[in-house]
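# Examination of the molecular architecture
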Amino acid sequence: MTMFGKRSYRFVFAAIACATAAPCMVTAANNDPGAGSWQMIVLSGPTQIPVPAPASVTDPGYQAELASIQTAQAHLTTAQNNAISNWSGGGTVRWNQILLELVASADLPPEPNADGTYTFPSAANPFAFPQFPFANPPYAARSYSYVAAAQYEALKVAWYYKYLYNRPAPSSVDSSIQALIPTNGLPAYPSEDAVESGVAAALLAILFPTQVNLINQTAAEQQEAALLSGKAAPSDIAAGFALGQAVAAIFAARAGTDGLKAATGTAAQWAALAAGAIANGQIPWISRETPPRPPMLPFFGQVKTWMMTPADIVNERPGPPPSTSSAQMAQETALVKYTLENLTRAQLAIATKWADGASSPTPPGHWNFIAEPYIANAHFSEVRAARAFALLDMALHDAAVACWDTKYFYFTPRPEQMDPSIKTVIGLPNFPSYDSGHSTFSGAATAVLSYLFPNGATYFNAEAQEAAISRLYGGIHYQIDNDTGLAHGTRVGGYTLRFAQQDGADQPTVSAAGGGQALDGASFHSPVAPGSIAAVFQSGLAATTNVAAAVPLPTALNGVSLSFGSIPAPLFAAAPNQANIQIPWELQGLSSAVLTATGADGSNTTFSVPLSAFAPAIFSVNQQGTGQGLVTIANTGTLAALPGSIGGATTRAAAKGDFITVYCLGLGAVNNQPPTGAPAPDGTSTTISPVSVLLNGASVPAAYAGLAPGSVGVYQVNVQIPDNAPTGNAVALALSAGGATSNAVTIAIQ
Amino acid sequence: MFLCLFLLATSVSLRAQTIDDGIMIPRHTLFTGNMFSYDSWNHYWEGHLDRVNGNLGTVTTETDSWYANYGITNRLDFITQIPYVWTNASQGVLSGMQGYQDITMALKYNFLERPFTKRGTLRAFAVVSGSIPLTNYEPSFQPLSIGNQSKTISLRPTLNFQSHWGWFVNGSSSYTWRSVVALDQPYYYTNGQLYLTNMVTMPEVFNYIASAGYLKRGKMAYFSFSQQRTQGGGDIRRQDMPFISNRINFSKIGVNLMYPLPIPGLRNLAAQFIYGYVADGRNIGQSTTYTTALLYTVRFPGSPTR
């Protein structure tokens, strides 16, 4: 019997599996299947927003949706191809870029009236001049944070339902639908693109009402791109959009009562601020514009924050600046004048780079701009990219609140007010000096970004230092404003940083929601079965990627080791954020075990891994357990797939009567069990429990089920296609063993 | 950026001496000297909206230039100009700026000269000119930057009729291409779009001038009307700062007087006075410009008038 011939097996793994499946390194982006259990910020949990179960992929309605995608893909217009291209780099990144533009377009102060007064923009009449809003730095910080936090929150909910329902993307269900944007096997229902556009359309229409047409067009384009690219069916999109809108409604309600409406204040309140400074023996800040302009959002310090309480804002408020009558203040003022009189061209360039005045994305936008390439290049899942923007923008918003609280608490004059002979080389902001907004924003942003992207920490810190001193070079801040602001911002950013450190996204804890980090290597679902392969996701594990060179597998790779108590787990590979291991055979019979992961730097992380005697899982070409399965015509290296459908692989549809070989994991105990870490010697390691193959749900008994000879932890199942088998390009194939059913992959049967 | 436009506008006056007129400096003759111009405005057009700005008051631009025009042949002149510029705003907190701006170099070729009717001579000229920033001045502190850091190249045809009695009419137009400008800031918003780059594409500029007056034996007096149309760029938005690639258009009137100074022993010295006024515009100050110049003629061996 040669059905499990070593030659064909090796060919498959050399040609396809080595690049795609567990025995080699799984290098695809982690889809973060556990994101549904990450800590919420505003919502109570993912089930606060109900998302009904989708129809089955065999449902005629869904099949009609697939047909409509297929038809649309056959006639893509240039505009549609552009839309797909626009969104192929990730929705959160693109929405962030659009938000930068919306802020810049609205970052214009009202012009004075003929009588020397100013009219405030009105949300009730946004199109009238001056148009609503004036997206000044606090308004911008708040806007960025609402959109980012709401998208992040909604995506966590989406991820919960994606992995609850596990409906594949149309391009995975139907191989005649092209994957014009890779899905990496992420379940499609509800569509993450629709979630993002649902949130953005609802919130941006409130934040930037004059731009509602652009916002709605953009939201529609994102959904169209998701559909046309084969990522999402209309029902995936409808569910996602509804989810996004529902989450946006909760955030919109919060925004309506977060204190912004009272942040402008009244003339009497402004006068009281000046009187308070005078009562403290200080020269009060006055507007240096002609005609004098009311102060910018003097009560923004009372707006609701994301990670701080009002008491935290007061506790983190810096001590007072030097008295306006002190010698120290005279020295601070003299330093500003001296700096301007001796300004170098390089210093002027720094002041200009960080001016971020009218028509700019503002300083919070500047930090989003700095963060964006890091987020875009990290190959994050959408939910993790959204987390990065949310953490950054929540910290920036809280920095705006904390800084504005400080500015109006002390009401300190700008240097030019203390010495009108000072002339600035950038615009002079119309609010008190102490402490510096740029510096506070930069300190907060650096705290968060350095945590998210440790490799960029040196750069972020240098940018923050430059942003701070740019305000001295520009002539608009005392040195003490900048120094105090940086430290203030770092403390404020610490609140978001501490949230990030324990929100579940960077921890290997296994949650009840099934978002385990020890996942089987075939389909990335927990629990895992002893003897099989698992991918362990853990950040900071190693500095580089190392792959085991030979069998038996090593128990350490360049300092990285994992063990269950005293039993070491053999390593296929260790990478910076992932290790692929074999779950030791010795753990059979246990329902869970404690895994200790030791990183190359000596750090230890311990977490619990749920175990099951049977955890069948089929390898797939996309490495994520969906779509075309790693199923060959037996004794050949030919995949049972539509001819030409998989680049670099020989494919043909399986014919009735053919034997096929299914590569898989988790079929339980075997006869003639090899030692942990050692390969199966021959075809005698057959499963003790019978295995059946499900073709479109119909059970077919396996001709052979057991370990794949020559490999560690991999099973193969051979089965003959019966004469009554369903035909098609994407016949669903699953395995059943020990009462457990595997993920469904597809094969082509003619 | 106002300034740039002003400079473009001002340059029209300065260059009116020779780049866009019907005068050729003869072979091996150098016509050189100093020009000083004083340009100021307190009204400006924000897009099409005429307004004042209490945070600027009156914006003044002073330009001191060394100017030279050398006759390579009787039909080909080389012209150059090096300006030093000071800017200032009378109100508000913004600092003025100063420095050497852009050197202009031009070749002017008289390719046609023939009697036309019995009354005078018809001449046609082609000018190719270019400018390069001399220093790394800051381009994005508009309207107080001294220039816009763009290299330019222009083509200019001119048609001139000079009568035997001294009166003349002159028409000239130019088309200018401008190089991309690198800003110090990493992004900018203009013309309804946020550009996530520091590189600014500068729109091309069309300009024409028509003039009529008297020129004989070194004495000159004429009126001029010029218009500029920038071939792209955005408007200044309400209460926004100007941007270097704005669509700067204007209509300008001018008066130009030149007289050889009757100083014994300095027969070759001439004084010039130029007045310019921007009568209508878009994204530019409603400026008045006064220019004075002292220009000396040096005749080298081979000069036909030596």
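Residues numbered from 1 in each chain as written. Chains lettered and ligands numbered in written order. Predicted model: local features only at pLDDT ≥ 70, side-chain atom pairs only at ≥ 80, totals over all residues. Heavy atoms only, no water.

With that settled, consider the sheet that holds strand 9 (residues 604-610) of chain A. All names here are of chain A. Within the open sheet, the 4 strands sit side by side as 5-4-8-9. Their pairing is antiparallel. Both outer strands of the open sheet, strand 5 (567-568) and strand 9, are each paired with one neighbouring strand and no more. Pairing geometry for strand 8 (residues 592-598) and strand 9, over 7 bridges, is antiparallel. In the sheet register, Thr596 faces strand 9, and the bridge partner there is Thr606. (Pairing = 2+ DSSP bridges. Helix = DSSP H or I, 4+ residues; strand = E, 2+ residues; numbered from the N terminus.)

Residue and element names in this part refer to chain A. Relative to the helices and strands, Ser229 resides in the loop between helix 8 (212-228) and helix 9 (234-256). In this structure the side chain of Ser229 is engaged in a polar contact, spanning 3.2 Å, whose partner is the backbone oxygen of Ala226. Contacts of Ser229, omitting those with residues within four sequence positions, involve Gln73, Ile84, Gln178, Ala179, Leu180 and Ile181. (Polar contact = N/O pair within 3.5 Å; in protein donor to acceptor, adjacent residues only side chain to side chain. Contact = heavy atoms within 4.5 Å.)

Residues and elements named next belong to chain A. In terms of nonpolar packing, the biggest core is built from 158 residues, with Leu204, Phe208, Phe300 and Trp367 touching the most fellow members. Residues contacting Phe300, with those up to four places away along its chain left out, are Pro138, Arg142, Leu260, Ala263, His397, Ala400, Val401 and Trp404. Counting 30 residues, the second-largest nonpolar core is a separate cluster that includes Ala680, Val731, Ile747 and Ile749. (Core = buried A, V, L, I, M, F, W, Y, C linked by side-chain atoms within 4.5 Å. Buried < 20%, exposed > 50% of the residue type's maximum accessible area, 1.4 Å probe, protein only.)

Two elements in contact, helix 17 (residues 437-452) of chain A and helix 19 (residues 479-501) of chain A, have axes separated by 6 Å at closest approach and are oriented at 35°. In this structure, helix 17 of chain A crosses over helix 19 of chain A, and the sense of that crossing is right-handed. (Axes fitted to C-alpha atoms, helices over the stretch in contact; angles between N-to-C directions. Left-handed = near helix turned anticlockwise from the far one by under 90°.)

Looking now at helix 13 (residues 345-353) of chain A. Burial runs high along helix 13 of chain A: 7 of the 9 residues are buried. Contacts from the buried residues of helix 13 of chain A go to helix 14 (362-377) and helix 18 (457-474) of chain A.

The next thing to look at is unusual backbone geometry. All names here are of chain A. A cis geometry characterises the amide bond from Phe132 onward to Pro133, with omega recorded as -5°. Relative to the helices and strands, Pro133 resides in the loop between helix 4 (91-106) and helix 5 (137-165). With an omega dihedral of -5°, the bond running from Val551 to Pro552 counts as a cis peptide bond. Residue position: Pro552 is located in the loop between strand 3 (546-547) and strand 4 (561-564). One non-glycine residue, Asn672, lies in the positive phi region at around 50°. If you trace the backbone, Asn672 turns up in the loop between strand 14 (659-665) and strand 15 (691-695). Among the residues examined, Asn672 registers a relative accessible area of 46% and is labelled partly exposed. The phi torsion at Asn696 lies on the positive side, around 50°, for a residue other than glycine. Position of Asn696 relative to the elements: it lies in the loop between strand 15 and strand 16 (698-701).

At the junction of the two partners, chain B supplies 29 residues and chain A supplies 35 residues. Scanning the region where chain B abuts chain A turns up 3 salt bridges. In this structure, Arg238 of chain B engages Glu111 of chain A in a salt bridge whose closest nitrogen and oxygen atoms are separated by 2.8 Å. The interface formed by chain B and chain A includes 17 residue pairs in polar contact (both at pLDDT 80 or more). Residues belonging to the side of chain B that touches chain A are distributed by class as follows: 11 nonpolar, 11 polar and 7 charged. (Salt bridge = Lys/Arg side-chain N within 4 Å of Asp/Glu carboxyl O. Nonpolar A, V, L, I, M, F, W, Y, C, P; charged D, E, K, R; others polar.)

Moving on to the confidence of the model for chain A. All names here are of chain A. A residue-level look at chain A finds 93% of positions with pLDDT of 70 or above and a mean pLDDT of 90. Low pLDDT (under 50) marks residues 1-29, which in the prediction has 74 contacts with non-local residues, meaning those over four places away or in another chain. Here residues 509-518 is a poorly scored stretch, pLDDT under 50, and it has 24 contacts once near neighbours within four places are set aside; other chains count. (pLDDT = per-residue confidence, 0-100.)

Right, let's talk about the pairing of strand 8 (residues 120-133) of chain B for a bit. All names here are of chain B. The element strand 8 is extensively covered by neighbouring structure, given that 10 of its 14 residues are classed as buried. Looking at chain direction, strand 7 (residues 102-116) and strand 8 are connected through 14 bridges and run antiparallel. Paired with Arg114 across the bridge in strand 8 is Leu122. In this structure, the hairpin formed by strand 7 and strand 8 is closed by a connection of 3 residues, where Thr117 is found at a positive phi of approximately 55°. The sheet contact formed by strand 8 and strand 9 (residues 152-163) spans 12 bridges and is antiparallel. Each residue of the ladder has a partner; that of Val128, found in strand 9, is Leu155.

So, on to the side chain of Asn136 of chain A. Residue and element names in this part refer to chain A. With respect to the helices and strands, the residue Asn136 is situated in the loop between helix 4 and helix 5. A polar contact of 3.1 Å, which involves the side chain of Asn136, links it to the backbone nitrogen of Tyr139. The contact partners of Asn136, leaving out residues within four places of it in the chain, are Asp107, Met296, Leu297 and Thr362.

In this section: the pairing of strand 6 (residues 571-575) of chain A. Residue and element names in this part refer to chain A. Within strand 6, 5 of the 5 residues are buried, which leaves it mostly tucked inside the rest of the structure. Inspection of the sheet shows strand 3 paired to strand 6 by 2 bridges, in the antiparallel sense. Across the sheet, the residue bridging to Val547 is Ala573, located in strand 6. Relative to strand 7 (residues 578-582), strand 6 runs antiparallel, the two being bridged by 4 bridges. Paired with Leu571 across the bridge in strand 7 is Ile581. Counted along the chain from strand 6 to the antiparallel partner strand 7, the turn is 2 residues long.

Let us now look at the pattern of salt bridges. All names here are of chain A. Taken as a whole and judged by the stated rule, the model has 27 salt bridges over all chains. As a salt-bridge pair, Asp32 and Arg384 come within 2.9 Å of each other at their nearest N and O atoms. With a gap of 352 residues between them, Asp32 in the loop between helix 1 (6-20) and helix 2 (60-74) and Arg384 in helix 15 (residues 382-410) connect regions that are remote in the sequence. Exposure remark for Arg384: the relative accessible area of 15% places this residue in the buried category. Between Asp506 and Arg387 there is a salt bridge, with the nearest N and O atoms lying 2.9 Å from each other.

Attention shifts here to the confidence of the model for chain B. Residue and element names in this part refer to chain B. When pLDDT is averaged along chain B, the result is 92, and 93% of the positions lie at 70 or above. Predicted confidence for residues 1-16 stays below pLDDT 50, and this span has 68 contacts to residues more than four positions away or in other chains. Taken over the whole predicted complex, pTM reads 0.77, whereas the ipTM for its chain interfaces reads 0.94.

Residue and element names in this part refer to chain A. Note that Gly91 resides in helix 4. For Gly91 and Ala385, which are 294 residues apart along the polypeptide, the C-alpha to C-alpha distance reads 9.2 Å. Excluding residues that lie within four positions of it along the chain, Gly91 makes contacts with Glu196, Gln222 and Glu382.

Enumeration according to the criterion identifies 34 aromatic pairs over all chains in this entry. On the basis of an interplanar angle of 55° and a centroid distance of 5.7 Å, the ring pair of Trp87 of chain A and Trp95 of chain A is categorised as tilted. Seen in terms of ring centroids, Tyr84 of chain B and Tyr100 of chain B are 4.9 Å apart; in terms of plane orientation they differ by 85°. Their pairing is edge-to-face. Residue Tyr84 of chain B is found in strand 5 (residues 76-89), and its partner Tyr100 of chain B is found in strand 6 (residues 98-100); the two are separated by 16 residues along the sequence. One aromatic cluster is present, formed by Tyr374, Phe380, Phe453, Tyr459 and Phe460 of chain A through successive ring pairs. (Phe/Tyr/Trp six-rings, centres within 6.5 Å; stacked < 30°, edge-to-face > 60°.)

The subject of this paragraph is the packing of helix 14 of chain A against helix 18 of chain A. All names here are of chain A. Helix 18 packs onto helix 14 with a crossing angle of 165° between their chain directions and a minimal axis gap of 12 Å. When the interaxial angle is binned, helix 14 and helix 18 end up roughly antiparallel. Seen along the crossing, helix 14 lies across helix 18 with a hand that is right-handed. Contacts between helix 14 and helix 18 pair Trp367, Ile370 and Tyr374 from the former with Tyr459, Phe460, Glu463 and Ala464 from the latter. (Parallel < 35°, antiparallel > 145°, perpendicular 65-115°, else oblique.)

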